[in-house]
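Okay, here's what each chain looks like letter by letter:
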Amino acid sequence: MLDNNMPSLKVSYQLERSSTQLQAYLNEVHTTRNIIRLNQIDAHLQKSLDDINRFTIKLTNSKAIKKLRDEYQQLGVDIQLFVPLLSNKVKLKQELDKISESMLWLHQDIVDEVNPLRQEIEWQITSERMRLSPEKKSKLYDDFTTLQMMTLKENELVSLVNEVVRQYKQRNLESAFHFISYKTDEIKRLSKRLEHNAASITYRQLLLEFFALVKPNGKLHNNLKALKSLSEQSNQQRETIQSRLENQQKQIKSLVSKTSVELAGIKLSTRNIIEAGNVLLIMVLVSSILISALIYFYFVRKRIVQRLYDLSVNLNSVSAGETKQLIPVTGRDEIGLLGRTLSEFCLQLQEVENTNALNLINNTQASLVTCTTNGVIESMNFSARNLFKLCNKSFDKDYIWGLFNPRYHYQLRSIFSPESLLLVNGAYTITLEIESEDEQVQYFRLDLRVYYQNTAPKIIITLTDITEQENVARWLEQKVEEKTQSLTQANAELHCQIEERKRAETSLVATQEELIQAAKMAVVGQAMTTLAHELNQPLSALSTYIYTVQMTYNQNDYPDIYDTMDKMDEISDRMEQIITNLRGFSKKTSFTNPAVEVNLYQAANNAIGIADSRAKQHNIILNNQLDEDCCCIGDLIQIEQVIVNLLINSCDALAPIAEDQGVVTLSKLKCGQDSLILACSDNGPGFDHTIINQIFTPFTTTKEVGLGLGLNICHSIMDRLNGSIQLASTLDGGAMIVLEFPIQ
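Since the model is a prediction, treat every value here as computed from it, not as a measurement.

Draft legend 1. The arrangement of the overall build of the protein chain in detail. Counting its secondary structure elements, the protein chain contains 16 helices and 12 strands. Long-range contacts, defined here as pairs at least 24 residues apart, represent 65% of the contacts in the protein chain between residues at least 6 apart. Working note: accessible area of the protein chain is about 46200 Å², and carbon and sulfur atoms make up 54% of it.

Quick look at the structure:
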């Protein structure tokens, strides 16, 4: 029976396990959205089907197994049709995600574009500088209203499209996209009202791109139709596969049930034999346990083990110091003899401890008192009796606080309470007063310690005379109090002086900031004369280009217009850069501004833009040889002012030299771990030796027109930035200024 049924039963369980694994892979393949994972699951499915085919190939003589094998082959055909459908469905969903992402970005671009357009129209309506006619203002109101309506409609359209994408399986796509087309037509009609506004071109272009995605039979519509069709086909194929799997599970279950019935007879015979053997084994085991328990309890435990255990407990107590406990172990054997010997040893140990404790207390010169944890006095040595005048008096059952003044009784009683620090920590210290016979006050320090006598806690008190130390301490406290009052008064006067100095420093910083701003505006004033010429040339060129554009437009020669307009943009950017540099330079800064990272290359370019007009007047070249990533820690405007002052000083020094062309160069000398060193050099005659020692002194100058404050202001700014400025000379004898900036 085993030879006939075990192979079928084994194959049945193998088929059931493989079918369960196949079901798990089919559940996962229906939910996955990754093509790579889908291919991996497809390979697992084929492997499971191959395993099932290998299990059943040996039992083809069985009709049930042969029928199951045919069913699994048909299941493999269905799976081969099902997986490509899911693969195409995943690809369509990925394409749908891309379309949705494109719509999201277009919607965000439309929102980003409409806000500036709305603000511009609102500014034109509300600005007092725009003197508009009633017709123009009415037209602007219409544009603003149209823009608001378009924004509302566009948001409704986006919500509608997102709703269709989420519910494409339940919706009628043709009707939904027909309604979307109706919404887009409304927005297009509103968009035509803004065609006269040139600033709305980008906004309308983005709307058209969005309409192209969501139009009927467009990219989104076709994707959703294909995805819906594939979903219906895959669901139908999945139902077919599921039905086939359920039928196969029923056949496997029937095969297992049939085999199990045939194996029940073998199981019954085997059970009868095992039950008879178990009864015999249990009877033998119970008899052995009863005999062993009888021997243990009556002969071993009661007479030997228990007495040895009691003796061990008493030995542990004696080693822990509990010598007063009686030893209960008796008998005439060796264990009883050990018990009696241990009892005699405990009595001798108690006598030795009592004798040693009394000798130690009585022979000590310090005042010692012992008492219980409740404060009852047990013993006092001769020094303590003499101190408290108790040489011939008894103190039986007296409390320790009775020896002191009544005002200390409550304080001392609290020390002996069960929750006191003395009993918790094992030690406590307190200082008390004791009046002698001549009414002089003496101070004693009481050191209380917990010790154990025969495992019972006791208190030993050591009294130390600290009268001299206490008097010195009280005298020192008085002196410290007097000195503290003196120092407090001096500190108040010093605080007033500090406040006055802070106000003076604040006034000085404000004066320096105003002086730096005045010097900066002087530079701006000097640059204004050349700035007019600098801006006049681009304006003349811009006028010429505008005239050229008009002529080109009249001749319908449009290709040349773009080149001309590009040149006009370049001129406009150049003029804007000149004005931006001058306006940023003229801003008033404060020394209290926090230091930030500054790009020295950009600061040098801004400074050259301000001083370039002065340099062009005298045919001087300004070179910026710094790296683009050259940075330091400081304030951008203050660093620009330092560089501008140095460039203008170099231009003034090179102006009288007519035979050679002047060159001013900004270069990097060294970059260390904590600082960056720059140099501003020229090819002029260098510094005059008569004023080189006073060059940073205010009102020192060699110019015919000048205040002599430029280098002094540069020196002040570099000090504020935790940097430095030094004089040097080039190899050709020209002037050089060395600047050191912090980089951390």
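Draft legend 2. Here's a closer look at the sheet that holds strand β11 (residues 724–729). One open sheet holds the 5 strands; their spatial order is β7-β9-β10-β12-β11, and the pairing between them is mixed. The open sheet has two free edges, formed respectively by β7 (620–624) and β11, since each of these has just one partner strand. For this sheet, the mean angle separating the axes of adjacent strands, direction not counted, is 20 degrees. With 7 bridges connecting them, strand β10 (residues 675–682) and strand β12 (residues 735–742) associate as antiparallel partners. Bridge pairing in β12 places Ser-675 opposite Pro-742. Against the sheet, helix α14 (residues 600–617) engages β7, β9 (662–671), β10 and β12, with an angle of about 175 degrees to β7. Strand contacts of helix α16 (residues 710–720): β11 and β12, with the helix running at about 130 degrees to β11, the strand carrying the most contacts.

Draft legend 3. How the structure looks around helix α6 (residues 201–214). Its 14 residues place the ends of α6 20 Å apart at the C-alpha level, agreeing with the 20 Å of an ideal helix rising 1.5 Å per residue. Burial in α6 covers these residues: Tyr-203, Arg-204, Leu-206, Leu-207, Phe-210, Phe-211, Leu-213 and Val-214.

Draft legend 4. Region of the structure containing the sheet that holds strand β2 (residues 377–380). The sheet built from 5 strands is open, its strands ordered β2-β1-β5-β4-β3 with antiparallel pairing. On the outer flanks of this sheet lie β2 and β3 (427–435), each paired with one strand and no other. Ignoring strand direction, the axes of neighbouring strands in this sheet form an average angle of 25 degrees. One ladder, built from 10 bridges, connects strand β4 (residues 441–453) with strand β5 (residues 456–465); its direction is antiparallel. Residue Leu-446 lies in a different strand from β5, and its bridge partner there is Leu-463.

Draft legend 5. Broad picture of unusual backbone geometry. Even without being a glycine, Asn-217 presents a positive backbone phi close to 60 degrees. Mapped onto the fold, Asn-217 is located in the loop between α6 and α7 (219–319). Phi at Asn-619 takes a positive value of approximately 55 degrees, unusual for a residue other than glycine. Along the chain, the position of Asn-619 falls in the loop between α14 and β7.

Draft legend 6. View of the packing of helix α15 (residues 636–654) against α16. Close contact between α15 and α16 brings their axes to 10 Å; oriented N to C, the two are set at 150 degrees. Taken as axis vectors, α15 and α16 run roughly antiparallel relative to one another. Between α15 and α16 lies a crossing whose hand is left-handed. Counted together, Gln-638, Gln-641, Val-642, Asn-645, Leu-646 and Asn-649 of α15 and Gly-710, Leu-711, Ile-713, Cys-714, Ile-717 and Met-718 of α16 form the full contact between these two elements. Residues of the contact of α15 with α16, tallied by class, amount to 7 nonpolar, 5 polar and no charged.

Draft legend 7. Region of interest: the packing of helix α4 (residues 134–166) against helix α5 (residues 173–192). One can describe the packing of α4 onto α5 by two numbers: an axis separation of 10 Å at closest approach and a directional angle of 165 degrees. Considered as vectors, α4 and α5 are oriented roughly antiparallel to each other. For the pair α4 and α5, the sense of crossing is left-handed. For the pair α4 and α5, contact is made by Thr-146, Met-149, Met-150, Lys-153, Glu-154, Glu-156, Leu-157, Leu-160, Val-161 and Val-164 and by Leu-173, Ala-176, Phe-177, Phe-179, Ile-180, Lys-183, Thr-184, Glu-186, Ile-187, Leu-190 and Ser-191, respectively.

Draft legend 8. Here's a closer look at the pairing of β2. Of the strand pairs in this sheet, strand β1 (residues 367–371) and β2 are connected by 3 bridges, and their pairing is antiparallel. Residue pairing across strands places Val-369 opposite Met-380, the latter belonging to β2. Joining the antiparallel neighbours β1 and β2 is a turn of 5 residues, in which Gly-375 adopts a positive phi near 95 degrees.

Draft legend 9. Summary view of the packing of aromatic side chains. Per the counting criterion, the structure on display carries 3 aromatic pairs. On the basis of an interplanar angle of 10 degrees and a centroid distance of 4.9 Å, the ring pair of Tyr-399 and Trp-401 is categorised as stacked. By relative accessible area, Tyr-399 is classed as partly exposed at 43%. Overall, the relative accessible area of 11% leaves Trp-401 in the buried class. Three or more aromatic residues link up through ring pairs in this structure, and these residues are Tyr-399, Trp-401 and Phe-416.

Rules used throughout
Residues numbered from 1 in each chain as written. Predicted model: local features only at pLDDT ≥ 70, side-chain atom pairs only at ≥ 80, totals over all residues. Heavy atoms only, no water. Helix = DSSP H or I, 4+ residues; strand = E, 2+ residues; numbered from the N terminus. Contact = heavy atoms within 4.5 Å. Areas by Shrake-Rupley, 256 points an atom, 1.4 Å probe, with all protein chains shown as cover. Pairing = 2+ DSSP bridges. Axes fitted to C-alpha atoms, helices over the stretch in contact; angles between N-to-C directions. Expected span 1.5 Å × (residues − 1). Buried < 20%, exposed > 50% of the residue type's maximum accessible area, 1.4 Å probe, protein only. Parallel < 35°, antiparallel > 145°, perpendicular 65-115°, else oblique. Left-handed = near helix turned anticlockwise from the far one by under 90°. Nonpolar A, V, L, I, M, F, W, Y, C, P; charged D, E, K, R; others polar. Phe/Tyr/Trp six-rings, centres within 6.5 Å; stacked < 30°, edge-to-face > 60°.

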